[in-house]
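# Structure at a glance
Read off the chains here:
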Amino acid sequence: MSGAKRITVDEGAWREAQTAARKLRQVRSDMPKLVEAVKKEQRAELDRTFNQVEGRQRRVEQVLTGLSDEAKRAELRTAKRLREQSDRLRGQIGSAVERLRAEQDERIRTAIERERAEQRAEIQELGRELDGMRADRDRAAVAARNALADARLMRDAIRAELPHERFAPGRLDRLERRIATAEANLAAGLAAESLSLLQETYLDLAELRADLVLLDQEWQAARLAALDALTVVAERVRFSADLPAPDERGEPIDGLSFDVDHWSGGGLAELRAEVEERRGRIGEGTGLTTEELREIVRRDAPDLERRLEETLSRATAALLASQARVNVAEQVVDAVEHATGFSWAENAYAGDDQRAAFYSKLRHLNDNEIVIEVAHEVEDGGPGTLAVRILSYDRDTASEEELTERAREIATSLRDRGLPVGEPTADAPRADPALTDFDSLRAEGTEISARAEDGRSRPGERR
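Before going into details, it helps to say that this report is about the structure given with it.

Each value, and the rule that gives it
Residues numbered from 1 in each chain as written. Predicted model: local features only at pLDDT ≥ 70, side-chain atom pairs only at ≥ 80, totals over all residues. Heavy atoms only, no water. Helix = DSSP H or I, 4+ residues; strand = E, 2+ residues; numbered from the N terminus. Contact = heavy atoms within 4.5 Å. Areas by Shrake-Rupley, 256 points an atom, 1.4 Å probe, with all protein chains shown as cover. Core = buried A, V, L, I, M, F, W, Y, C linked by side-chain atoms within 4.5 Å. Buried < 20%, exposed > 50% of the residue type's maximum accessible area, 1.4 Å probe, protein only. Phe/Tyr/Trp six-rings, centres within 6.5 Å; stacked < 30°, edge-to-face > 60°. Lys NZ or Arg CZ within 6 Å of the ring centre and 35° of its normal. Salt bridge = Lys/Arg side-chain N within 4 Å of Asp/Glu carboxyl O. Expected span 1.5 Å × (residues − 1). Bend = angle between axes of the 7 residues up to and from the residue. Axes fitted to C-alpha atoms, helices over the stretch in contact; angles between N-to-C directions. Parallel < 35°, antiparallel > 145°, perpendicular 65-115°, else oblique. Nonpolar A, V, L, I, M, F, W, Y, C, P; charged D, E, K, R; others polar.

Looking now at the overall build of the protein. Of regular secondary structure, the protein possesses 13 helices and eight strands. The contacts in the protein between residues at least 6 apart in sequence include a share of 76% that link residues at least 24 apart. For the protein, the exposed area adds up to about 21700 Å²; of that, 48% sits on carbon and sulfur atoms.

What follows is the structure in structure tokens.
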């Protein structure tokens, strides 16, 4: 007669291993190699980004040297302040990215508001200087032509060099329509009437230029902070590919590591691909807004780091679960040998996968066999209750009472060895005969194993 008996290992014994798994899930963020890798990539991207920004500002300033004297003086002062703001921002990002993550919103916004207030004051002063020319029509005509030339020059510089459609869509087009109206008035001899419109248009263009430069700086700072946050996650994922293998207390074993992606069921590779995809989305040509980039720092990067910790915990728990299955199987085999006349014959993993259920076979001189299956039930995506099934394949007339008594003796022997197990219960009237074929079990274990599970493990073999 054959049959299956189930013995559950006390949860407390497995809970210690689960606690040990959590001890290794944290990836140290202060590892020198990780920190240096992040800094190196950060410096390269910082230099590339601000070299582009500064090159664009120089080209705009070169174009604006063709402005009239009054406008040129105002724009030179504006350019100087914008360069200083860019230099300050570059220094802040370069020296304190971590602190800037939390503080950049308020700091940059304050700087922009201050710059805008200074710009408005300058624009109003320039407007007062031009107001005095309106009484003299000849001077007004000259001033109107100069204002038109200045407006065209500023318009062309903005259109060619500044991201006006990203930060102020349609605003330049509206100002260009006003230039066209003023041009028509000048052509009709209405120079004095055009002067006011041209003055106002030029001042609005000058303000638009300053706004765009500052908004671009703000956006670049947010983009660099988002890229830095994702780079930190990417480097932590990379450094987590192989971690020190833990002992049963969660302490690292010298000279022994384990493949986190394998033990997490591909979870680490999946996370790595997602991080790289997100990093690719925030390149220079990204369409993400400043606020969306800030959300990456505030929400997305921390969420990815949390998922990395969960992946590491899951992989470590799977590794410890596998070793627990092997250890328990060895104790059960010892108990069976002690309680019966059976002797150990061979071991196998379902599907030849150390992450799956572990099997040991014992054989009697009369060719009766016992297969020990040790498996974890899957709970919350990871290994849960550890259960042992004693599968009896008796070719004689062993009764159900004899099989039950055998299971009780094995359970008692396990308790004597310090393994806290419950009373055996009937699991099935007949054990699956396919589980005696260990070659097939290794080849097709996930299909024929009654309790295949997706934990993770290290190899173990009874000798």
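That was the structure; now back to the text.
This next bit is on the nonpolar core. Formed by 63 residues in total, the largest nonpolar core has its most connected members in Ile158, Leu205, Phe258, Ile282 and Leu293. Counting residues per element, the ones that place at least two in this core are α2 (32–64), α5 (137–161), α7 (171–187), α8 (191–239), β2 (242–246), α9 (260–263), α10 (267–280) and α11 (290–339). Every residue in contact with Leu293, bar those within four places of it in the chain, is listed here: Trp219, Ala222, Arg223, Ala226, Ile282 and Leu288. Counting residues in hydrophobic clusters, the runner-up holds 22 residues, among them Tyr349, Phe358, Leu386 and Ile390.

All told, the structure shown has three aromatic pairs when counted by the stated rule. On the basis of an interplanar angle of 65° and a centroid distance of 4.9 Å, the ring pair of Tyr349 and Phe358 is categorised as edge-to-face. Across this residue pair, the class does not change: Tyr349 and Phe358 are buried. Arranged with centres 6.5 Å apart and planes meeting at 70°, the rings of Tyr359 and Phe438 form a pair that is edge-to-face. One end of the pair, Tyr359, is in strand β5 (residues 358–363); the other, Phe438, is in helix α13 (residues 438–448), and 79 residues separate them in sequence. Assigned by exposure class, Tyr359 and Phe438 land together as buried. The ring of Trp219 has Arg166 sitting right over it, with the charged end atom 4.0 Å from the ring centre. Above the ring of Phe438, the side-chain terminus of Lys361 is found at 4.7 Å from the ring centroid.

On to the pattern of salt bridges. Taken as a whole and judged by the stated rule, the model has 29 salt bridges. A salt bridge links Glu200 to Arg178, with the shortest nitrogen-to-oxygen separation between them at 3.6 Å. Linking Glu200 in helix α8 with Arg178 in helix α7, this pair joins segments that are 22 residues apart in sequence. Its relative accessible area of 43% is what places Glu200 among the partly exposed residues.

You will see that Asp352, though not glycine, has its phi angle at about 55°, which is positive. Assignment of secondary structure puts Asp352 in the loop between β4 (343–349) and β5. You can call Asp352 exposed: its relative accessible area is 56%. Positioned with a positive phi, Asp367 is a non-glycine residue whose angle comes to about 75°. Checked against the element boundaries, Asp367 lands in the loop between β5 and β6 (369–379). Overall, Asp367 belongs to the partly exposed group, its relative accessible area being 46%.

Positionally, His164 belongs in helix α6 (residues 164–167). Accessibility expressed as a relative area gives 8% for His164, which makes it buried. The residues contacting His164, other than those within four sequence positions of it, are Ile158, Arg159, Pro169, Leu172 and Leu212.

Bringing α11 into the picture now. Over its 50 residues, α11 runs 72 Å from end to end, which matches the ideal 74 Å to within 8%, given 1.5 Å per residue. Approximately 40° is the largest bend angle found in α11, and it occurs at Ile296.

Attention now goes to the packing of α8 against α11. Their axes nearest at 8 Å, the elements α8 and α11 cross at an angle of 10°. By the criterion of interaxial angle, the relationship of α8 to α11 is roughly parallel. Contact residues: α8 offers Glu218, Trp219, Ala222, Arg223, Ala225, Ala226, Ala229, Leu230, Val232, Val233, Arg236 and Val237, while α11 offers Thr290, Leu293, Arg294, Ile296, Val297, Ala301, Leu304, Glu305 and Leu308. Tallied by class, residues from the contact of α8 with α11 come to 15 nonpolar, one polar and five charged.

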